[in-house]
Amino acid sequence: MAEEKNREMESEEWQTIVVEDEEEGKRIDKFLSEVMPDLSRSYIQKLFGTGNVKRNDGAVKPGYKLCSQDRISVLIPEAVEPKIEPEHIPLEILYEDEDVILVNKPKGMVVHPAAGHYSGTLVNALMYHCHDQLSGINGVLRPGIVHRIDMDTTGVLIVCKNDMSHNSIAAQLKEHSITRRYYAVVHGNLKEEEGTVDAPIGRHPTDRKKMAVNYRNGKDAVTHYRVMERFGTYTWIECRLETGRTHQIRVHMASIGHPLVGDPVYGPAKCPYSFLKGQTLHAYILGFVHPRTGEYMEFTAPLPDYFQRLLDLLRAAH
């Protein structure tokens, strides 16, 4: 079996796998994707292109068919974090002092750099605005970031300027004492005026890019909702989070048959309103105890244009 391969180290860097009889005739790239499941097929192809895969200490191509007792050596380069540059991107600042900054994040902006998004993020903008005054606890890719919202979710987000404030806000998040209220428009007409979804969330069992209600491996997740306005086939709701799991509101509302309008992952395949670019979800209130003063503070991000436009259309049609 692939997971039972005899692996040994030629040195501190090169990992060597000895091919067993039952693997003879298999393509080397397919073989490596099986014995190194944490690496994607595309990444393995790049390793061949950079000479980081060898057969019996010699060069080899990805289409090579294995022979029994071949010694396949693989070098995984040490990951190098890209340099993140400050960028002069306008920010809508709701509040700022020496410890925290609260911003109203627009739709389409990624919160922090990640694969495929190393510029144009909120972090790039914050680095320009705050210079070196951002907490470093979450590393060079996420300075100041203590929580996040999805790229196509809008609204208020708190960023920490130093480690003291970061630790304080992180503790409040862990204790579920931060006030987080969202507005959303969902498909369907909810039966009750208010309710609670208490269902653990984890990775989808077959689609690793999605989250799902997962009673086996999920983490506790609680979302309270109440109806703001009904439009027959759509409902405007407010959601209050007790926990902060990835895609929590989107997953929870979809799980009870009311996915968010415009959600490309958990909603219908075709969005009924073409001007929507992603889910109709807005973080409109965030409240917390200030790390330095101990005072409770609460901030509101006004409804963005896309959300207001949708409400106007639904009211006109209802």
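Residues numbered from 1 in each chain as written. Predicted model: local features only at pLDDT ≥ 70, side-chain atom pairs only at ≥ 80, totals over all residues. Heavy atoms only, no water.

A.B. asks: Would you mind going over a positive patch on the surface with me for this structure?
C.D. replies: Taken together, the side chains of R142, R148, R203 and R208 define a basic patch exposed on the protein surface. Along the polypeptide, R142 turns up in the loop between α3 (122-130) and β8 (154-160). (Patch = residues over 30% accessible without salt bridge, like charges linked within 9 Å, V, L, I, M, F, W, Y side chains within 5 Å. Areas by Shrake-Rupley, 256 points an atom, 1.4 Å probe, with all protein chains shown as cover. Salt bridge = Lys/Arg side-chain N within 4 Å of Asp/Glu carboxyl O. Lys, Arg positive; Asp, Glu negative; His and termini not counted. Charge placed at Lys NZ, Arg CZ, Asp CG, Glu CD. Helix = DSSP H or I, 4+ residues; strand = E, 2+ residues; numbered from the N terminus.)

A.B. asks: Which parts of the structure should I look at to understand the confidence of the model for the chain?
C.D. replies: Atomic detail in the predicted coordinates should be set aside for any region of low pLDDT. Summary statistics for the chain give a mean pLDDT of 90 and a share of 95% for residues scoring 70 or more. Every residue in residues 1-12 is under pLDDT 50, and counting partners more than four places away or in other chains gives 29 contacts. (pLDDT = per-residue confidence, 0-100. Contact = heavy atoms within 4.5 Å.)

A.B. asks: Looking at this structure, how should I read the packing of aromatic side chains?
C.D. replies: Think of a pair of aromatic rings as described by two things: how far the centres are apart, and how the planes are tilted against each other in angle. Applying the stated rule across the entire model yields 9 aromatic pairs. An aromatic cluster is present here, built from Y183, W236, Y284, Y306 and F307 joined pairwise through their rings. Over the ring of Y306 we find K107; its NZ or CZ atom is 4.2 Å from the centre of that ring. Against the face of F275 rests R309, its NZ or CZ located 4.0 Å from the ring centre. (Phe/Tyr/Trp six-rings, centres within 6.5 Å; stacked < 30°, edge-to-face > 60°. Lys NZ or Arg CZ within 6 Å of the ring centre and 35° of its normal.)

A.B. asks: For this particular structure, what's the right way to read helix α4 (residues 163-174)?
C.D. replies: Residues that lie three or four places apart on an α-helix share one face, since the helix turns once every 3.6 residues. Relative to the 16 Å expected for 12 residues at 1.5 Å per residue, α4 spans 16 Å between its end C-alpha atoms, a close match to the ideal helical length. Turning to α4, its buried residues number three or more, namely S165, H166, I169, Q172 and L173. Buried residues in α4, looked at end-on, bunch into an arc of 130°, giving them a common side. Contacts from the buried residues of α4 go to β7 (100-105), β8, β9 (179-187) and β15 (281-289). Just beyond α4, the residue with positive phi is H176, at close to 60°. (Expected span 1.5 Å × (residues − 1). Buried < 20%, exposed > 50% of the residue type's maximum accessible area, 1.4 Å probe, protein only. Arc of directions from axis to C-beta.)

A.B. asks: How do you make sense of unusual backbone geometry when you look at a structure like this?
C.D. replies: The backbone of D57 sits at a positive phi, close to 70°, despite the residue not being glycine. Take D57: it is sitting in the loop between β3 (53-55) and β4 (58-59). Classification of D57 by relative accessible area gives exposed; the value is 56%. The phi dihedral of H247 falls on the positive side, at around 60°, and the residue is not glycine. What makes H247 buried here is its relative accessible area of 17%.

A.B. asks: Hey, could you run me through the environment of M253 in this one?
C.D. replies: Structurally, M253 can be placed in helix α5 (residues 248-255). On a C-alpha basis, the gap between M253 and T223 in space is 8.9 Å, while along the polypeptide they are 30 residues apart. Aside from chain neighbours lying at most four places away, what touches M253 is V186, L190, Y225, I237, H258, P259 and L260.

A.B. asks: Explain the pattern of salt bridges to me, please; I cannot follow it from the model alone.
C.D. replies: Oppositely charged side chains may form a pair once their charged atoms are brought near each other. This model, assessed by the stated rule, comprises 15 salt bridges. Its salt-bridge partner being E229, residue R315 comes within 2.8 Å of it at the nearest N-O pair. Note that R315 is positioned in helix α6 (residues 305-317) and E229 in strand β13 (residues 222-230), a separation of 86 residues in sequence. Relative accessible area serves as the criterion here: at 35%, R315 is assigned to the partly exposed category. Note that R250 is salt-bridged to D263, the shortest N-O span being 2.8 Å. Separated by 13 residues along the polypeptide, R250 in helix α5 and D263 in the loop between α5 and β15 bring together distant segments of the chain. You can call D263 buried: its relative accessible area is 2%. Residues joined by salt bridges that share partners form a network here, namely E23, K26, K30 and E34.

A.B. asks: Is there a simple way to think about the side chain of T154 in this case?
C.D. replies: Positionally, T154 belongs in strand β8. A distance of 3.0 Å separates the side chain of T154 from the side chain of Y306, its partner in a polar contact. In this view, T154 contacts K105, P106, K107, I149, L281, H282, A283, P304 and Y306; residues no more than four positions away in its chain are not counted. (Polar contact = N/O pair within 3.5 Å; in protein donor to acceptor, adjacent residues only side chain to side chain.)

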